[in-house]
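# Structural overview
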Amino acid sequence: FFFLGMEKVVSCPYKRPNALCRLICFPWAGGGTSQLAQWGKLFSSSIEVSSVRLPGRESRVKEPFAKDMTTVVNEITSVLLNELQEKPFAFFGHSFGSYISFAVALHLKEKYGLEPIHLFVSGAHAPNSEAFLPIKSIPICDIEDKDILTYIQILGGTPPEFLYNEDIKKNLILTFKEDVRVLQTFSFEKAERNMPFSCDITCFDGSEDKPHDLEAWHDLTSGDISFYKLPGGHFYLLEPSNKIFLTKHITRCIENAGL
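Let us look at the structure shown here.

Conventions adopted
- Residues numbered from 1 in each chain as written.
- Predicted model: local features only at pLDDT ≥ 70, side-chain atom pairs only at ≥ 80, totals over all residues.
- Heavy atoms only, no water.
- Core = buried A, V, L, I, M, F, W, Y, C linked by side-chain atoms within 4.5 Å.
- Buried < 20%, exposed > 50% of the residue type's maximum accessible area, 1.4 Å probe, protein only.
- Helix = DSSP H or I, 4+ residues; strand = E, 2+ residues; numbered from the N terminus.
- Pairing = 2+ DSSP bridges.
- Disulfide = S-S within 2.5 Å.
- Arc of directions from axis to C-beta.
- Contact = heavy atoms within 4.5 Å.
- Axes fitted to C-alpha atoms, helices over the stretch in contact; angles between N-to-C directions.

### Examining the nonpolar core
One finds Met-69, Ile-76, Phe-91, Ile-100 and Trp-217 to be the most contacted residues of the largest nonpolar core, which totals 57 residues. Grouped together as the second largest cluster of nonpolar side chains are 22 residues, Val-49, Leu-155, Leu-230 and Ile-254 included.

This is how it looks when you write it as structure tokens:
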């Protein structure tokens, strides 16, 4: 059962049982595992890459979407816990995935005393930032599908042929809406005295993307924080040259964590 749960929730096409560290990736709203799981072939044998798959997409398309962030966090944690206890791990999340990776990391730390050796976040605000609040008030049920589609097109990252196929398009819009709904159930209040993390955090952003409030990450870890802007828009990370930069940089950070 455990193995089935693992295969269902996590995609890891390039298995590296002898890796020193696992890099778990968390995709963007409406996204599946296809792009980030493929990062596995770009990394050396010391890092095993996998990508988290939420219900309602890919091989889980028949399952109902998650209702809220707590459900998402609990499922991911229960499936990954054994693996995360046996060797060091790092998280990479993009956009919606940044918030999920943060929520999962927080839960692991609070409940199990486990912490990633490094948290890589991309294309998102710090979760404790004021700039995150407007996302929570988007009236997602009232937004027209065509407006969501326009937004998805502006963001980029979706192959244009997907948008010509009615079924794929419908499914993409629905998945995107449901992911935003999950995000709206996420609330993070930072207690005055409590610094949740001690790991280093790296924030990546596309230089043409709308600016994200990243300063507030300083209140969330006693580790170092670094910021990188890479050329491109919200989906800068899909550009081959940026992929190479990210791979090299993430590898260096993980290797410097002194495994």
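### Overview of the pairing of strand β2 (residues 21–26)
Burial analysis of β2 places 6 of its 6 residues in the buried class, the great majority of the element. Side chains of β2 alternate between two faces, with Cys-21, Leu-23 and Cys-25 and Arg-22, Ile-24 and Phe-26 buried alike. Pairing geometry for β2 and strand β4 (residues 89–94), over 5 bridges, is parallel. Pairing of Ile-24 across the sheet is with Phe-91, part of β4.

### Some thoughts on unusual backbone geometry
Phi is positive for Glu-58, close to 50 degrees, though the residue is something other than glycine. The exposure class of Glu-58 is partly exposed, given its relative accessible area of 33%. Unusually for a residue other than glycine, Ser-95 sits at a positive phi of about 60 degrees. Turning to its location among the elements, Ser-95 is positioned in the loop between β4 and α4 (96–112). Residue classification places Ser-95 among the buried residues on the basis of a relative accessible area of 16%.

### Describing the state of the cysteines
Working definition: the covalent bond between the sulfur atoms of two cysteines is a disulfide. The final tally for this structure, using the stated rule, is 0 disulfides. Just so you know, Cys-199 is unpaired, no disulfide at all, and the nearest cysteine sulfur is the one on Cys-203, 11 Å from it.

### Considering helix α6 (residues 145–155)
For α6, every residue scored as buried is listed here: Ile-148, Leu-149, Ile-152 and Leu-155. When α6 is viewed along its axis, its buried side chains cluster within an angular range of 125 degrees and face the same direction. In α6, the exposed positions that point more than 90 degrees away from the buried face belong to Lys-146 and Ile-154. Once α6 finishes, Gly-156 follows within two positions and takes phi at roughly 85 degrees, a positive value.

### Quick look at the environment of Val-9
Tracing the chain through its elements places Val-9 in helix α1 (residues 2–9). Along the backbone, Val-9 and Ala-103 are 94 residues apart, and their C-alpha atoms lie at a distance of 16 Å. Sequence-distant contacts of Val-9, that is, excluding residues within four places in its chain, are made with Ser-51, Val-52, Arg-53, Arg-60, Glu-75, Ile-76 and Val-79.

### Re the sheet that holds strand β5 (residues 118–122)
Pairing in this open sheet of 7 strands is mixed, and the strands run β1-β3-β2-β4-β5-β6-β7 from one edge to the other. Of all strands in the sheet, those bounded by a partner on one side alone are β1 (10–11) and β7 (225–230). In this structure, β2 lies alongside strand β3 (residues 47–52), joined through 5 bridges in parallel fashion. Bridged to Cys-21 within β3 is Ile-47. Contacts from helix α3 (residues 69–86) reach β1, β2, β3 and β4 within the one sheet, and its direction differs from that of β2 by about 160 degrees. Sheet strands touched by α4: β2, β4 and β5. Its angle to β4, the strand with the most contacts, is close to 150 degrees.

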